[in-house]
Amino acid sequence: MKTTAQIKKNYHLIKFKKLVIVSLLIGFLSAFLGISLKKITEYYEEIFFHQANVNPFFYILFPVFGLSVIYFLREYLFKKKENKGIKEVFESTNSKTKNLPSYKIPSHTINGLLTVIFGGSTGIEVSTVVATATIGSVAHQKENIFRQYKTELICAGVAAGITALFSSPIAGILFAIEVISRKITRAFIISNLIAVSIAFGLLTILKEEPLFAVNINSWHLKAIPYFILLGILAGINSVYLTKCVLFFKAQFAKIETHYYKIIFGSVVLSISLFIFPQLYGEGYHAIKTITSTHNEIPLTLTLAFSFLGILFLKPVVTSVTLASGGDGGVFAPSLFIGAFLGLLVASVLNTFFDTQIIPINFMVIGMAAVLSASIHAPFTAIFLVCGLTNNYTLFFPILAACFISKYTAKMIYPNTVYTFAPSI
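Attention in this report is confined to the structure presented alongside it. (Residues numbered from 1 in each chain as written. Predicted model: local features only at pLDDT ≥ 70, side-chain atom pairs only at ≥ 80, totals over all residues. Heavy atoms only, no water.)

1. Observations regarding the overall build of the protein chain
So, step 1. The helix and strand inventory of the protein chain stands at 16 helices and zero strands.
So, step 2. Against the globule reference of 22 Å for 424 residues, the protein chain gives a C-alpha radius of gyration of 22 Å, in line with a compact fold.
So, step 3. When its C-alpha atoms are laid out on the principal axes, the protein chain stretches across 85 × 55 × 40 Å.
So, step 4. Classification of the 424 residues of the protein chain by burial places 58% in the buried group.
So, step 5. Pairs at least 24 apart in sequence give 82% of the contacts found in the protein chain among residues at least 6 apart.
So, step 6. Of the roughly 18,100 Å² that the protein chain leaves accessible, carbon and sulfur atoms contribute 66%. (Helix = DSSP H or I, 4+ residues; strand = E, 2+ residues; numbered from the N terminus. Rg over C-alpha atoms; globule rule 2.2 N^0.38 Å. Buried < 20%, exposed > 50% of the residue type's maximum accessible area, 1.4 Å probe, protein only. Contact = heavy atoms within 4.5 Å. Areas by Shrake-Rupley, 256 points an atom, 1.4 Å probe, with all protein chains shown as cover.)

Here it is, written out as structure tokens:
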């Protein structure tokens with residue numbers, strides 16, 4: 001006969017094997033969803049953005065059409081429930097009984113796609129996070145043996161999804177820790193390491209290229225004071241983004257008829273896109289443009305005001321997109337704002353103070369610094385941006401700027417859109 005100790009040992013072995021298997025499955029499905037959504041979004045966003053550039057009438061048509069389709073899908077296909085973003089993930093991990101329903105996978109995937117390709121000034125990152133978290137949540141409900149691993153399996157899905165989007169397994173795990181779980185268990189380490197390994201393996205098989213191809217070879221100690229300045233400015237800009245999201249969310253909540261929200265949001269979007277096409281969708285197309293031409297464009301008064309206009313309007317149009325029914329979050333907007341802020345700071349310093357600093361360095365550091373301050377997750381921002389560029393040359397300047405921006409933001413305003421209004 002087996003002793004109690006042997007029975008207990010066998011039970012733990014079975015539980016471990018099942019945890020490994022379910023983590024493999026979650027990792028593959030989440031990575032496949034993330035990569036597919038990224039590819040489809042990039043493909044159709046490029047087509048629609050090109051059409052809008054050729055015929056500016058589409059800047060008027062696309063936003064109202066996209067937001068209307070999302071509204072009708074929610075009304076008639078997705079149980080008349082608005083997507084609450086990461087709030088849904090928090091509610092699930094903080095409750096033993098509340099789970100993410102399976103329809104959240106197609107809901108966030110489809111609505112996130114439609115929001116971005118039709119000009120909504122946000123990204124697919126939060127849509128991916130919630131959809132992949134739902135994969136983990138659904139998996140945990142399948143067997144009683146997984147009940148105690150609810151948070152771990154949800155985080156495994158999220159970590160694999162972030163890895164798929166940004167080609168950084170470390171960023172995936174750190175985001176799961178810093179933003180979702182805030183604690184580490186042995187099951188968390190096992191499930192998340194397996195999930196991100198599968199995700200990164202899939203990326204390797206598919207030969208995914210870094211999102212931003214940049215050539216960074218060095219940085220200079222004399223630039224440290226300017227890195228500090230950029231970190232402070234990034235913190236201030238992130239607070240402006242957060243405040244905009246909270247303000248427009250509150251104002252739009254007062255509008256009872258949802259289609260009025262769509263009309264007003266579409267008007268703001270259309271006018272902004274007509275003035276600054278760079279604000280269309282995720283804005284990665286604009287970042288790629290300035291990373292390839294930053295050394296060729298001298299800073300003029302017109303260009304400076306254009307950059308300031310973009311930095312002022314981006315948080316507004318992102319907030320309006322989300323408040324009027326779009327699906328997304330602050331990941332892509334933070335990266336966008338950071339890139340333009342970094343280039344503007346470098347251009348001003350080089351033009352007026354002859355500092356001879358490297359603009360591309362400031363763009364990359366700015367992306368990480370604004371993201372760090374926006375989500376209060378500096379380590380996630382560091383590895384995510386290094387993964388985006390596939391370059392770790394700026395690791396230490398990014399590290400410094402990320403912590404400076406985060407604590408600058410916290411001094412001005414202690415909350416993020418996740419902690420104050422976690423419906424984004």
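2. Concerning the packing of aromatic side chains
So, step 1. Scanning the model with the defined rule gives 28 aromatic pairs in all.
So, step 2. With a centroid separation of 6.2 Å and 55° between ring planes, the pair formed by phenylalanine 57 and phenylalanine 58 is classed as tilted.
So, step 3. In this structure phenylalanine 57 comes out as partly exposed when scored by relative accessible area, which is 48%.
So, step 4. Taking relative accessible area as the criterion, phenylalanine 58 reaches 22% and is therefore assigned partly exposed.
So, step 5. An angle of 15° between the planes, with centres 4.9 Å apart, marks the rings of phenylalanine 58 and phenylalanine 62 as stacked. Of the two residues, phenylalanine 58 and phenylalanine 62 both sit in helix H2 (residues 58-76), four residues apart, roughly one turn of that helix. (Phe/Tyr/Trp six-rings, centres within 6.5 Å; stacked < 30°, edge-to-face > 60°.)

3. Considering the packing of helix H14 (residues 359-375) against helix H16 (residues 395-412)
So, step 1. Contact geometry of H14 with H16 gives a least axis separation of 8 Å together with a crossing angle of 35°. Between H14 and H16 lies a crossing whose hand is right-handed. On H16, the residues touching Val364, Ile365, Ala368, Ala369, Ser372 and Ala373 of H14 are Pro397, Ile398, Ala401, Cys402, Ser405, Lys406 and Ala409.
So, step 2. Class assignment of the residues belonging to the contact of H14 with H16 gives a composition of 10 nonpolar, two polar and one charged. (Axes fitted to C-alpha atoms, helices over the stretch in contact; angles between N-to-C directions. Left-handed = near helix turned anticlockwise from the far one by under 90°. Nonpolar A, V, L, I, M, F, W, Y, C, P; charged D, E, K, R; others polar.)

By themselves, these observations are geometric and do not establish any function.
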